[in-house]
Amino acid sequence: MGYLTLILICQLLGEIVARLARLPVPGPVIGMVILFCGLLLRRGIPEGLETSGGYLLRILPMLFVPAGVGIVTHLDVLRRSWAAFGGAVVVGTALTIAVTGLVMQLAVRHRAKTAPADTA
Amino acid sequence: MTGALGPLWTHLSATPLLWLTLTLVAYQGGGWLFRRSGCHPLLNPVLTAVAALVLALKASGTDYRTYFDGARFIHFLLGPATVALAIPLYREIDLIRKAFAPILVSLAAGSLTAIASAVGIARLFGGERIILLSLAPKSVTTPIAMGISEQIGGLPSLTAVSVVLTGIGGAVFGGWLLDRLRVHDESARGMAMGVASHGIGTARALQWSRSAGAFAALAMALNGLLTALLLPVLAGPGAVGETQVSRRAPGPQ
């Protein structure tokens, strides 16, 4: 319970920072940064936070369902330009996953090959 | 709806409880189907739940506002859950610190690919300008994407739909695609899911492994920041579809 409060406080602080600094980033993302900095300072994850946070993360996929159902309000636009929409979503997303994944894997391997002294 | 069912329906459909419960039921039913099918990617629980609920709304003639009255309790938890992503991020801090340069390089490549491919493909299929602008930030987490869309002249609600579809799409075929491309490195799989499919991709990556989830959470946050900075500049005069003036849409209705 205490740690759920802590999570909400981080989110609230995030909202305040986002508003005051007029950042284009939503409050929860800044809240994540705040909690992350807190963990860095504390040098560890409290057990209770692991439990409450872990629960939220386990149900995370479900939390997108209400926003997803919002599709019903745009069925007419989707029907009119389904090719543009579907093409961009399916092909565009596949391309993005492929490019990001391949570049990251190449870069990680390249680094491991060229700079083994880094870890020593 | 005849006899006693009529008044009962009128009563139930007016309380937030009905659609809140149905959302939970739809998601758990989707999860059950997913496991029964041996985790077939096309039976992604988010996808099944959304489809089932859309059908239920259509069949019962319920509008989205009534639905959201109940479902907003679930929607609200997105904020705290996003904050909680700091936990896997912190857990993998050493891995992330070691991969700093690769993260920045793949983030830049992925972020630009996401924007260019969304706009380019939609234009290829003859999408109107307002659709291109609404699709441009589709790989970014919903609240950031809607803000960007508004700023560059898209339709924020249409952007929200494209964001969710992009997330579900990535969650459905991302793992399969990465396997085909032989991307087996957990950090690379996480980055790919986070950059392309934001929170829904991150949720999927968390199911693969802790480190894939951590890299996805990081990628999602960084891509949100980068796209918010990049797109308003890119969408300035002449950036989107302006070269062919004749193809421009007559403007938003």
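Residue indices follow the written sequence of each chain, beginning from 1 at its first position. Each chain takes a letter, starting from A, and each ligand takes a number, starting from 1, following the order in which they are written. Totals for whole chains, interfaces and linings use every residue, but because this is a predicted model, local features are given only for residues with pLDDT of at least 70 and side-chain atom pairs only at 80 or more, for both listing and counting. To get the side-chain values, all heavy atoms of the structure are used, and hydrogens and water are removed first.

**Student:** Hey, could you run me through a nonpolar patch on the surface in this one?
**Tutor:** Residue and element names in this part refer to chain A. Nonpolar side chains collect at one region of the surface, where Ile9, Leu12, Leu13, Ile16 and Leu20 lie side by side and expose about 500 Å² of accessible area between them. Per the convention used, a helix needs a DSSP run of H or I reaching at least four residues, while a strand needs a run of E reaching at least two, with both numbered from the N terminus. Considering the arrangement of structural elements, one finds Leu12 in helix 1 (residues 2-21). For every residue, the accessible area obtained with a 1.4 Å probe (protein chains only) is divided by the maximum for its type, and the residue is called buried under 20%, exposed over 50%, and partly exposed between those limits. Using a relative accessible area of 54% as the deciding quantity, one classes Leu12 as exposed. Each patch is built from residues that are more than 30% exposed by relative accessible area and take part in no salt bridge. Like charges join if they lie within 9 Å; nonpolar side chains (Val, Leu, Ile, Met, Phe, Trp, Tyr) join within 5 Å. Per-residue accessibility takes into account occlusion by the displayed protein chains alone, with areas from the Shrake-Rupley method and a 1.4 Å probe. Salt bridges are identified by distance alone: a Lys or Arg side-chain nitrogen within 4 Å of an Asp or Glu carboxyl oxygen.

**Student:** Honestly, the packing of aromatic side chains in this entry has me stumped. Any pointers?
**Tutor:** Two descriptors summarise a pair of aromatic rings, namely the distance from one centre to the other and the angle between the planes of the rings. All names here are of chain B. Think of it this way: a Phe, Tyr or Trp ring, Trp meaning its six-membered ring, pairs with another when their centres are within 6.5 Å, and the plane angle makes it stacked under 30 degrees, edge-to-face over 60, tilted otherwise. Within the structure shown, the criterion is met by three aromatic pairs over all chains. Summarising the aromatic geometry, the rings of Trp19 and Tyr67 are spaced 5.9 Å apart at their centres and angled 70° between planes, so their arrangement reads as edge-to-face. One end of the pair, Trp19, is in helix 2 (residues 16-36); the other, Tyr67, is in helix 4 (residues 64-76), and 48 residues separate them in sequence. Comparing Trp19 with Tyr67, the two get one shared label, buried. Aromatic side chains Tyr64 and Tyr67 sit 5.9 Å apart centroid to centroid with 25° between the ring planes, which places their arrangement in the stacked category. Here the residue Tyr64 and the residue Tyr67 both occupy positions in helix 4, the gap between them amounting to three residues, near one helical turn.

**Student:** Teacher, can you tell me more about the domain arrangement of chain B here?
**Tutor:** Often, the extent of an interface is quoted as the loss of accessible area upon association of its parts. Residue and element names in this part refer to chain B. Domain segmentation is taken from an automatic or database assignment of domains. The domains assigned to chain B are domain 1 (5-72) and domain 2 (84-247). Listed per partner, the contact involves seven residues of domain 1 and four residues of domain 2. Values labelled buried area give the accessible surface lost by two parts on being combined, using a 1.4 Å probe and summing over both. A per-residue breakdown of the area domain 1 buries against domain 2 is headed by Pro41, Asn44 and Leu47, which together make up 59% of the total. Joining domain 1 to domain 2, the criterion identifies zero salt bridges. Polar contacts, as counted here, are pairs of nitrogen or oxygen atoms within 3.5 Å of one another; within protein the pair requires one atom able to donate a hydrogen and one able to accept it, and residues that are adjacent in sequence qualify only if both atoms are side-chain atoms. Counting across the interface, domain 1 meets domain 2 through zero residue pairs in polar contact (both at pLDDT 80 or more). Considering every element that reaches the side of domain 1 that touches domain 2, the biggest residue donor is helix 3 (residues 45-60), with three residues. Only Asp, Glu, Lys and Arg are considered charged in this grouping, and only Ala, Val, Leu, Ile, Met, Phe, Trp, Tyr, Cys and Pro are considered nonpolar; every other residue, Gly among them, is considered polar. Its residues assigned to classes, the side of domain 1 that touches domain 2 comprises six nonpolar, one polar and no charged. The contact criterion used throughout is that any non-hydrogen atoms of two residues lie within 4.5 Å.

**Student:** Is there a simple way to explain helix 3 of chain B in this structure?
**Tutor:** Helical geometry note: an α-helix holds 3.6 residues per turn, so side chains three or four residues apart project in the same direction. Helix span is expected to be 1.5 Å times the residue number reduced by one. With 16 residues, helix 3 of chain B extends 22 Å from end C-alpha to end C-alpha; this agrees with the ideal 22 Å at 1.5 Å per step. Those residues of helix 3 of chain B that fall on the buried side of the exposure criterion are B:Pro45, B:Val46, B:Ala49, B:Val50, B:Leu53, B:Val54 and B:Leu57. Looking down the long axis of helix 3 of chain B, one finds its buried residues gathered within 160° of arc, a one-sided arrangement. For helix 3 of chain B, the exposed residues set more than 90 degrees away from the buried face come down to B:Leu55, B:Lys58 and B:Ala59. Residues of helix 3 of chain B that are buried in the fold lie against helix 4 (65-69) of chain A together with helix 2, helix 4 and helix 11 (156-180) of chain B. Put simply, B:Asn44 is the residue that caps the front of helix 3 of chain B, since its side-chain oxygen is 2.9 Å from the backbone nitrogen of B:Val46. At the C-terminal side of helix 3 of chain B, B:Gly61 shows a positive phi close to 65°. To obtain the arc, one takes the directions from the helix axis to the C-beta atoms.

**Student:** Mind showing me how you'd approach the pattern of salt bridges here?
**Tutor:** When their charged atoms lie close together, side chains carrying opposite charge are able to pair. Counted under the stated rule, the structure contains five salt bridges over all chains. B:Arg91 is paired through a salt bridge with A:Glu50; the nearest N and O atoms lie 2.2 Å apart. Separated into two different chains, B:Arg91 in helix 6 (residues 86-91) and A:Glu50 in helix 3 (residues 47-58) make up a pair that spans both. In this structure B:Arg91 comes out as partly exposed when scored by relative accessible area, which is 29%. Residues B:Asp94 and B:Arg97 are paired through a salt bridge, measuring 3.9 Å at the closest nitrogen-oxygen approach. Of the two residues, B:Asp94 and B:Arg97 are both situated in helix 7 (residues 93-98); the distance of three residues between them amounts to about one turn of the helix. Note on B:Arg97: relative accessible area 56%, which makes it exposed.

**Student:** How do you make sense of the nonpolar core when you look at a structure like this?
**Tutor:** The tendency in soluble globular proteins is for nonpolar side chains to be buried as a group. Only buried residues count toward a nonpolar core, which is a set of Ala, Val, Leu, Ile, Met, Phe, Trp, Tyr and Cys residues joined through side-chain atoms within 4.5 Å. Residues A:Leu60, A:Val65, A:Val69 and B:Tyr67 are the most contacted members of the largest nonpolar core, which totals 103 residues. Element by element, the count of residues in this core is highest for helix 13 (residues 210-234) of chain B, at 10 residues. Residues within four places of A:Leu60 in sequence aside, it is in contact with B:Leu78, B:Ala81, B:Leu85, B:Gly199 and B:Ala203.

**Student:** Is there a simple way to explain the domain arrangement of chain A in this structure?
**Tutor:** For chain A, the assigned domains are domain 1 (1-58) and domain 2 (67-120). Measuring from the centre of the C-alpha atoms in domain 1 of chain A to the corresponding centre in domain 2 of chain A gives 26 Å.

**Student:** Honestly, the state of the cysteines in this entry has me stumped. Any pointers?
**Tutor:** Put plainly, two cysteines are in a disulfide when a covalent bond ties their sulfur atoms together. Residue and element names in this part refer to chain A. Cysteine sulfur atoms that come within 2.5 Å of each other are treated as a disulfide pair. Inspection of every chain in the model, using the stated rule, returns zero disulfides over all chains. Between Cys37, a free cysteine, and Cys10, which holds the nearest cysteine sulfur, the sulfur-to-sulfur gap is 9.8 Å. A relative accessible area of 36% places Cys37 in the partly exposed class.

**Student:** Explanation requested: the confidence of the model for chain A in the structure shown.
**Tutor:** Parts of the prediction with low pLDDT should not have their coordinates interpreted in detail. With 93% of its residues at a pLDDT of 70 or more, chain A has an overall mean of 88. Across chain A, element-level confidence peaks in helix 1 of chain A with a mean pLDDT of 93 and bottoms out in helix 5 (residues 75-80) of chain A with 84. The quantity called pLDDT is the predictor's confidence in a given residue, expressed from 0 to 100.

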